[in-house]
Amino acid sequence: MKLNNKGFSLVELLLAVVISTVVFGAITALIAFSSRSMRDTNARVELQNQAKDALNHIESYSLEAERAYWDQWNRILILFYDEKEGSQMIKGLENGDKTLADIKDMGSDSYVYWFKNNDGIADIGGDYSVYFGKCSPAATPAPTPGPAPTLIPGATPTPAPPGVSMPSIVDVSQITAINSQEDLLKNYLLADEVKEFDCKILENGASKKYVLDVNLVFDDSVVPEYSCGKRIYMRNQ
C-alpha cells in the first residue's frame, strides 16, 4: 500500500495566509466603520437636540417679552417684559443717556442671553457657549396659596410637583467680569458647542410691531456644524 504523505505546499500556505488576512482585514474595517458611523450619528443627534432645546428656550422667553435689545458688538440679547420701561431703556442705551448698569434697577422683569468664547475651559463645555440670566431681582408676586383641599377619609395627598429652578440674577454690566470666572459661568450656562449666536430685531412698518430673528450655529468638531434659526413674534406688544 502506498501512503499519501503529501501536505500543503509553501505556495498554498502563503495563499491561505493572504486570503485570511484580506478577509479579517475587511471584517475589521467594516466593524470600525460601523462603530465610527454610530458614534457620528449619536453625536449629530445629540448636537441637534441641544440646538433644539436652546432655541426653544430662547423662543419661550422671547414670546412673553414686549421689547428686545441686541448688542451686536458684545453679542448680548436683552428681553424686556414691560413696554414702557423697555422702550425707555432701549432709547437711553442707543443715545447714550443710559448704560447696561441701569438695567438692574428696573422695576420690571428683564432677561439676558449672551455669547462667549470660553478659551477652551474644558469643565464648562465647548470653546463657545451661550449663557442666560435674569437682569434684575424684580418679579411678579406669586399668588397667595389657598386653603388645603379636604381629603376623603383614608386618602393620601398627592405630592406637589418639584419646583422649577429660577434663572440666576446677573448684572449685565458685569458680564465681562463674570466671563472670567469659571465657577460663576456654570450657573448661567444654557448651551455649549455654540459656534455662532446672532440676532436681528426687525420692525413691521405697518403694525410697528417688533420681530426677533435668532440664529444659532453649533459645532462639536465631530460632526459637520449644524445651523438653526427662528423668527419669533413677541406676542405681548
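Residues numbered from 1 in each chain as written. Predicted model: local features only at pLDDT ≥ 70, side-chain atom pairs only at ≥ 80, totals over all residues. Heavy atoms only, no water.

For the protein chain, the helix and strand inventory stands at four helices and eight strands. Shown N-terminal to C-terminal, the secondary structure of the protein chain runs as helices and strands in the order α-β-β-α-β-β-α-α-β-β-β-β. Considering the protein chain as a whole, with its 237 residues, one finds that 33% of them fall into the buried category. Considering only residue pairs separated by 6 or more positions, the protein chain has 59% of its internal contacts joining residues 24 or more positions apart. (Helix = DSSP H or I, 4+ residues; strand = E, 2+ residues; numbered from the N terminus. Buried < 20%, exposed > 50% of the residue type's maximum accessible area, 1.4 Å probe, protein only. Contact = heavy atoms within 4.5 Å.)

If you trace the backbone, C135 turns up in the loop between β4 (128-134) and α3 (175-178). When the C-alpha positions of C135 and F80 are compared, they lie 9.4 Å apart, and in sequence the two are 55 residues distant. In this view, C135 contacts I78, I103, K104, S110, Y111, V112, V170 and V172; residues no more than four positions away in its chain are not counted.

Looking now at the sheet that holds strand β8 (residues 226-233). Strand order in the open sheet formed by three strands is β6-β7-β8, and the pairing between neighbours is antiparallel. The open sheet has two free edges, formed respectively by β6 (194-203) and β8, since each of these has just one partner strand. The mean angle between the axes of side-by-side strands here comes to 10°, regardless of whether they run parallel or antiparallel. When β6 meets strand β7 (residues 210-218), the two strands line up antiparallel, connected through nine bridges. Paired with I201 across the strands is L212, a residue of β7. Contacting β6, β7 and β8, helix α1 (residues 10-63) crosses the sheet at an angle of about 15° to β8. (Pairing = 2+ DSSP bridges. Axes fitted to C-alpha atoms, helices over the stretch in contact; angles between N-to-C directions.)

In this section: the confidence of the model for the protein chain. Residues with a pLDDT of 70 or more make up 80% of the protein chain, whose mean pLDDT is 80. Confidence drops under a pLDDT of 50 for residues 120-126, and excluding neighbours within four residues, the segment shows 15 contacts in the predicted structure. Segment residues 140-164 is flagged for pLDDT under 50; beyond a separation of four residues in sequence, or across chains, it makes three contacts in the model. (pLDDT = per-residue confidence, 0-100.)

Before going further, it helps to examine the pairing of β7. For β7, the buried fraction is high: eight of the nine residues fall into the buried class. Here β6 hands over to β7 after six residues, with K208 in that stretch at a positive phi of 65°. Note: β7 against β8, eight bridges, orientation antiparallel. For N215, the partnering residue across the bridge sits in β8 and is G229.

So, on to α1. Counted at 1.5 Å a residue, the expected span for α1 with its 54 residues is 80 Å, and the 79 Å between its end C-alpha atoms agrees. Three or more residues of α1 are buried, namely D40, A43, L47, Q50, A51, A54, L55, I58 and S62. (Expected span 1.5 Å × (residues − 1).)

On the surface, L15, I19, V23, F24, I27 and I31 cluster together into a nonpolar patch covering about 600 Å² of accessible area. Mapped onto the elements of the fold, V23 is located in helix α1. (Patch = residues over 30% accessible without salt bridge, like charges linked within 9 Å, V, L, I, M, F, W, Y side chains within 5 Å. Areas by Shrake-Rupley, 256 points an atom, 1.4 Å probe, with all protein chains shown as cover. Salt bridge = Lys/Arg side-chain N within 4 Å of Asp/Glu carboxyl O.)

Further remarks concern the environment of N179. Its location among the elements puts N179 in the loop between α3 and α4 (182-185). Judged by its relative accessible area of 15%, N179 is buried. The spacing of N179 and F115 is 64 residues in sequence and 9.8 Å in space, taken between C-alpha atoms. The residues contacting N179, other than those within four sequence positions of it, are W114, K116 and L185. Among the polar contacts listed, one links the side chain of N179 to the side chain of W114, at a separation of 2.9 Å. (Polar contact = N/O pair within 3.5 Å; in protein donor to acceptor, adjacent residues only side chain to side chain.)

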